[in-house]
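The residues making up each chain are set out below.
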Amino acid sequence: MASVTGLKPEALYRRCDPARLGFENTAELSAAAQLFGQPRATDSIEFGIGIERAGFNLFVMGPAGTGKRTLVKDRIVRKAERRAPCSDWVYVNNFSEPSRPAAIELPAGRGAALRNDMLQLVEELRTAIPAVFESDEYRTRAGQIEAEFIERHEKAFTELGEEAARERIGLLRTPAGFTFAPLKDREVISSEDFAALPEQEKKRIEERIVALQSKLENILRGVVRWRKEQRERVKQLNREMTLFAVGHHVAELNERYRGLPKVLSYLDAVQQDVIENAEDFMRGREGQGGGPAALSAEAPPFRRYHVNLMVDHDAGNGTPIVSEDHPTCQNLIGRVDHVSQFGALVTDFTLVKPGALHRANGGHLLIDAYKLLTQPFAWEALKRALSTRQIRIESLAEMYSLVSTVSLAPEPIPLDVKVVLFGDRLIYYLLHAYDPDFRELFKVVADFEERFDRTPENDSLLAQLVATIARERKLAAFDCHAVARVIEHSSRLAGDARKLSADIQAVSDLLCEADHWAREAGRDRVAAADVERAIGAQRRRADRLRERMHEAILRGTVLIDTAGARVGQINGLSVLQLGEHLFAEPTRITATTRLGEGRVIDVQREVELGGAIHSKGVLILSAFLAARFSTKRPHALSASLVFEQTYGLVEGDSASLAELCALLSSLAEAPIGQALAVTGSVNQLGEVQAIGAVNEKIEGFFDICSARGLSGGQGVLIPAANAQDLMLRSDVVAAVAEGRFHVYPVSHVDQAIELLTGMPAGEPDAAGGFPPATVNGRVARRLRDLSALRQQQQAAGAPPRRRGRGRDRAGS
């Protein structure tokens, strides 16, 4: 096995040469034309926005701060500028069925014109109609109708009276109506005189009165019919006069909206309704007023002619781009408001309110997926609208019988919208797995990268981005050294010296803080020192817990050795994340070995403080031990592994290399140098695999060693695969350059155990044996001894060892 040497200082930090950037400060740079480093996501977005097919809505996923919304809006704006403006939509009164308001589509900008035209029409009619009814022509014609009725009425009664007079019977008008009475000398005879008449005369009079009474009844019935005819003639006259008043006004509107059949049909209905309800204009009032607060149980006369403008598009703005930040069900599909009048909730078509789908119709709607899914009924409402391609306003309260009131059922509006959802990958995959509708409605996914390659071209593009942010936020210009430091910090955020972080928000925040420190120092240019101070301030603000934990180690409360050597004891490295702050601390890992039945007990898992991945790592190292040393004999080993002084969940397999080395040290009785810490995972072949947060782990152990005093022998063993990820702090790099600290890349457990113990690991010979004066040789001898002791006990009839109460979770 090849020996391992520490990494050179230049391998610990990839610097950005300011001279290669080609500018003195960002004031010389042009603005970034577009977001860079996301070719896959960009292609997906352009495809999703460009395809005009149902169901090809877009789900944009990736971590926050990567510029998802910025890129999507930029691409949508480019497309929207080339498209014709979208239609306006209005709701108008449905005169035949008021509970179902009618929807009308108009060209962009015509919706507001129709609303204003209808308001103007009502105002004009409120003057024109009363003027017509007060004209001489109307009075003359109405007077003629009345005179004809009176003449006909008087003629009928006059003729009846004359006929009765010829029979010596009088037609009398009384408060109770008309009656007949016998006459003598044109005077009504008294009851005594009538009784004195001969019976034949009395009978004649009575018969004539009955006949005349029958004619009177016919005349009275005729009067009712004539009165009805008179009213109909007056109504017809009123219709003619109203049509005369309203006809030319409506004709003007018909000419103005020629080519819009639904508008023309609506205007015809308005004209007919005005004619039928001309008396409302004669009274010269509008119910209780014009606003919603004045709405009464009976619709105010003139409100029914209003136009409810739902969507108003300026004719020069292209297609709409709507971002809904509070996607409730009502905010998406609209609602019907109610007002309280006399203890009842009432409404009409003017109280129908639009939702985000109305405003985005014909364009694009941008929604945060998490906010959408956490709003009751909102997700189902959006899916229903996209599936039916209609916006149907429904009252949730009425749907679920939460209120008892009269509501409206507005006519659905056709929907043509491209919906863009923004969310985490977890949300996308959960919806894709458990919601069949999601797969039908959101067929395009744009996946944003967390990081991209660090190339000279991308360095230049990031510099342009710095210049763009500085201009947009009115920051001071950044000199080339400051920009180089920002690029280096972006690599640190990416956790890889070969990459740059796609977290544009983090870069933007850093620029603002650096600008603040430059202004505090009285400089008009941001320097590298200002960027460095901003980075340090960010770390300092979130560093309270790390300082408390390191203080506990330095005071000896938490036991960590950084000098000397111990058997079965090693320094592992644990990472903690609080919010966006990531830091590491050393953790003591100990191993004990003894005669047993091949079990390696993971104490963390036994007490349910170990995660599944950590337990997997313990099982892998157990398999490695058995496969290397016990292929031909029983694996008579019982071992225990524990993270000392840890009281929370331990997860991940990045300590499996350290755990394996502790087991080998215990078996070989070879002390491990405590000046070294170890991180890395292993596979069943003993190969060391890459881990995360390598920079934080190195710096965490360095801080403890530095606080106690660097001796020159301290260092950290890392996976060789992580060597190209290193972007360490300047003080760590300086200590390595001075030979006071070391970083060792290892690719196999044998390399690690050699560095830790100072003994050769030992290579197997042709028979599979190891040299005795090596770590592997001593481990093999110890396991042989344990196996022989186990066989002796079995031969002597010793009772088998009882298993512990807990199920063997690590080695079985």
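Residues numbered from 1 in each chain as written. Predicted model: local features only at pLDDT ≥ 70, side-chain atom pairs only at ≥ 80, totals over all residues. Heavy atoms only, no water.

Q: Teacher, can you tell me more about the overall build of the protein chain here?
A: Helix and strand content of the protein chain: 27 helices and 32 strands. On C-alpha atoms alone, the protein chain measures out to a radius of gyration of 48 Å, which is more than a quarter above the 28 Å that the 2.2 N^0.38 rule sets for 812 residues. Along the first, second and third principal axes, the C-alpha set of the protein chain runs to 165 × 80 × 45 Å. Across the 812 residues that make up the protein chain, the buried fraction comes to 49%. (Helix = DSSP H or I, 4+ residues; strand = E, 2+ residues; numbered from the N terminus. Rg over C-alpha atoms; globule rule 2.2 N^0.38 Å. Buried < 20%, exposed > 50% of the residue type's maximum accessible area, 1.4 Å probe, protein only.)

Q: Whenever I open this one, the nonpolar core confuses me. Can you help?
A: Generally speaking, soluble globular proteins have nonpolar side chains that are buried together. Grouped together as the largest cluster of nonpolar side chains are 51 residues, with contacts concentrated most on Phe 478 and Val 531. Looking at which domains feed residues into this core, each of domain 1 (15–34 + 451–541) and domain 2 (38–86 + 313–448) supplies at least three. When residues no more than four places from it in sequence are discounted, the contact partners of Phe 478 are Phe 23, Glu 24, Asn 25, Thr 26, Val 466, Ala 470, Val 483, Leu 511, Ala 514, Val 526 and Val 531. (Core = buried A, V, L, I, M, F, W, Y, C linked by side-chain atoms within 4.5 Å. Domains from an automatic or database assignment. Contact = heavy atoms within 4.5 Å.)

Q: Where do I start with the pairing of strand S2 (residues 88–92) in this structure?
A: Regular strands show a simple pattern: their side chains alternate between the two faces of the sheet. The buried count for S2 comes to 5 of 5 residues, which makes it a mostly enclosed element. The alternating pattern of S2 places Asp 88, Val 90 and Val 92 and Trp 89 and Tyr 91 on opposite faces, both of which are buried. Sheet topology note: the S2/strand S3 (residues 102–106) ladder contains 5 bridges and is antiparallel. Among the inter-strand pairings, Trp 89 is bridged to a residue of S3, identified as Glu 105. Note that S2 and strand S7 (residues 307–311) share 4 bridges and pair antiparallel. In the strand pairing of S7, Tyr 91 is matched with Asn 308. (Pairing = 2+ DSSP bridges.)

Q: Can you help me understand the side chain of Thr 319 in this one?
A: For Thr 319, the location among the structural elements is in the loop between S7 and strand S8 (321–324). Taking relative accessible area as the criterion, Thr 319 reaches 5% and is therefore assigned buried. Discounting residues that sit within four places of it in the chain, Thr 319 has contacts with Ala 80, Arg 83, Ala 84, Cys 86, Gly 362, Gly 363 and His 364.

Q: Can you help me understand the pairing of strand S5 (residues 177–184) in this one?
A: As paired elements, strand S4 (residues 169–174) and S5 share 6 bridges and run antiparallel to each other. What sits directly across from Leu 172, in S5, is Thr 179. Between the antiparallel neighbours S4 and S5 lie 2 residues. Where S5 meets strand S6 (residues 187–188), 2 bridges bridge the pair, whose relative direction is antiparallel. For Leu 183, the partnering residue across the bridge sits in S6 and is Val 188.

Q: Mind showing me how you'd approach a positive patch on the surface here?
A: Together, Lys 632, Arg 633, Arg 781 and Arg 784 line one region of the surface with positive charge. On the secondary structure map, Arg 781 appears in helix H27 (residues 775–795). (Patch = residues over 30% accessible without salt bridge, like charges linked within 9 Å, V, L, I, M, F, W, Y side chains within 5 Å. Areas by Shrake-Rupley, 256 points an atom, 1.4 Å probe, with all protein chains shown as cover. Salt bridge = Lys/Arg side-chain N within 4 Å of Asp/Glu carboxyl O. Lys, Arg positive; Asp, Glu negative; His and termini not counted. Charge placed at Lys NZ, Arg CZ, Asp CG, Glu CD.)

Q: Help me understand the packing of helix H20 (residues 544–554) against helix H24 (residues 694–708) in this model?
A: A pair of packed helices can be characterised by two numbers: the angle between their axes and the separation between those axes. Contact geometry of H20 with H24 gives a least axis separation of 11 Å together with a crossing angle of 50°. Classed by the angle they form, the pair H20 and H24 counts as oblique. As for how H20 packs across H24, the hand of that crossing is right-handed. Contact residues: H20 offers Arg 546, His 550, Ile 553 and Leu 554, while H24 offers Gly 700, Asp 703, Ile 704, Ala 707 and Arg 708. Here the contact of H20 with H24 is composed, by residue class, of 4 nonpolar, 2 polar and 3 charged. (Axes fitted to C-alpha atoms, helices over the stretch in contact; angles between N-to-C directions. Parallel < 35°, antiparallel > 145°, perpendicular 65-115°, else oblique. Left-handed = near helix turned anticlockwise from the far one by under 90°. Nonpolar A, V, L, I, M, F, W, Y, C, P; charged D, E, K, R; others polar.)

Q: What's the story with the pattern of salt bridges in this structure? I'm lost.
A: Two side chains with opposite charge may pair up if their charged atoms get near one another. Following the criterion strictly, the structure yields 50 salt bridges and no others. Among the salt bridges present, the one from Asp 496 reaches Arg 451, with a minimum N-O distance of 3.9 Å. Residue Asp 496 is located in the loop between helix H17 (480–494) and strand S20 (499–501), and its partner Arg 451 is located in strand S18 (residues 451–453); the two are separated by 45 residues in the primary sequence. The buried category is assigned to Asp 496, whose relative accessible area is 3%. Taking the relative accessible area as the measure of exposure, Arg 451 reaches 35% and is therefore partly exposed. Each of Arg 492, Asp 543, Arg 546, Glu 696, Glu 699, Asp 703, Arg 729 and Asp 731 takes part in salt bridges that share partners, so that together they form one network.

Q: Is there a simple way to think about the packing of helix H6 (residues 199–256) against helix H7 (residues 261–276) in this case?
A: One way to put it is that H6 packs onto H7 with a least axis distance of 9 Å and a crossing angle of 160°. Of the possible angle classes, the one that applies to H6 and H7 is roughly antiparallel. Between H6 and H7 the crossing geometry is right-handed. Contact with H6, carried on its side by Arg 239, Thr 242, Leu 243, Val 246, Gly 247, Val 250, Leu 253 and Asn 254, involves Leu 264, Leu 267, Asp 268, Gln 271, Val 274, Ile 275 and Glu 276 of H7 and no other residues of that element. For the contact of H6 with H7, the residue count by class is 8 nonpolar, 4 polar and 3 charged.

Q: Before we go on, may I ask you to explain the packing of aromatic side chains in this structure?
A: To describe a pair of aromatic rings, you give the distance between the ring centres and the angle between the ring planes. One pass over the full model with this rule turns up 15 aromatic pairs. Centroid distance Phe 95 to Tyr 305: 6.1 Å. Interplanar angle 40°. Geometry classified as tilted. You can see Phe 95 sitting in the loop between S2 and S3 and its partner Tyr 305 sitting in the loop between helix H8 (278–283) and S7, a full 210 residues away along the chain. Classification of Tyr 305 by relative accessible area gives buried; the value is 1%. Centre to centre, the rings of Phe 281 and Phe 302 are 4.7 Å apart; their planes meet at 40°, and the pair counts as tilted. Note that Phe 281 is positioned in helix H8 and Phe 302 in the loop between H8 and S7, a separation of 21 residues in sequence. Residue classification places Phe 302 among the buried residues on the basis of a relative accessible area of 0%. Aromatic ring contacts, followed pair by pair, group Phe 59, Trp 379, Tyr 428, Tyr 429, Phe 438 and Phe 442 into a single cluster. (Phe/Tyr/Trp six-rings, centres within 6.5 Å; stacked < 30°, edge-to-face > 60°.)

Q: I would appreciate a short explanation of the domain arrangement of the protein chain in the present structure.
A: You'll often see interface size given as the accessible area lost when the parts meet. By domain assignment, the protein chain separates into domain 1 (15–34 + 451–541), domain 2 (38–86 + 313–448), domain 3 (135–270) and domain 4 (548–795). For domain 3 versus domain 4, the distance between C-alpha centres works out to 117 Å.

Q: How do you make sense of the sheet that holds strand S13 (residues 364–368) when you look at a structure like this?
A: Adjacent strands of a sheet pair through backbone hydrogen bonds, lying either parallel or antiparallel. Read from one edge of the open sheet, 5 strands run S8-S13-S16-S1-S17, paired in parallel fashion. Edge positions in the sheet fall to S8 and strand S17 (444–447), since each has one partner strand and no second. Geometrically, the sheet is characterised by an average inter-axis angle of 20° between neighbouring strands, direction not taken into account. Running at roughly 155° to S17, helix H1 (residues 39–50) makes contact with strand S1 (58–61), S13, strand S16 (418–423) and S17 of the sheet. The strands that helix H14 (residues 425–434) touches are S1, S16 and S17; relative to S1, the one it contacts most, it runs at about 140°.

Q: When you look at the side chain of Glu 585 in this model, what are you seeing that I'm missing?
A: Position of Glu 585 among the secondary structure elements: in strand S24 (residues 581–595). Contact partners of Glu 585, with chain neighbours within four places excluded, come to Met 549, His 550, Ile 553, Gly 572, Leu 573, Ser 574 and Leu 576.

Q: What exactly am I supposed to notice about H17 here?
A: Taking 1.5 Å per residue, 15 residues should reach 21 Å; H17 reaches 21 Å between its end C-alpha atoms and fits that length. In terms of burial, H17 is largely enclosed, as 13 of its 15 residues are buried. Residue Asp 479 occupies the N-cap position of H17, its side-chain oxygen lying 3.1 Å from the main-chain nitrogen of His 481. (Expected span 1.5 Å × (residues − 1). Polar contact = N/O pair within 3.5 Å; in protein donor to acceptor, adjacent residues only side chain to side chain.)

Q: Would you take a moment to explain the environment of Glu 608 for this structure?
A: Topologically, Glu 608 is positioned in the loop between helix H21 (603–606) and helix H22 (612–629). For the pair Glu 608 and Gly 161, spaced 447 residues apart in the sequence, the C-alpha separation amounts to 117 Å.

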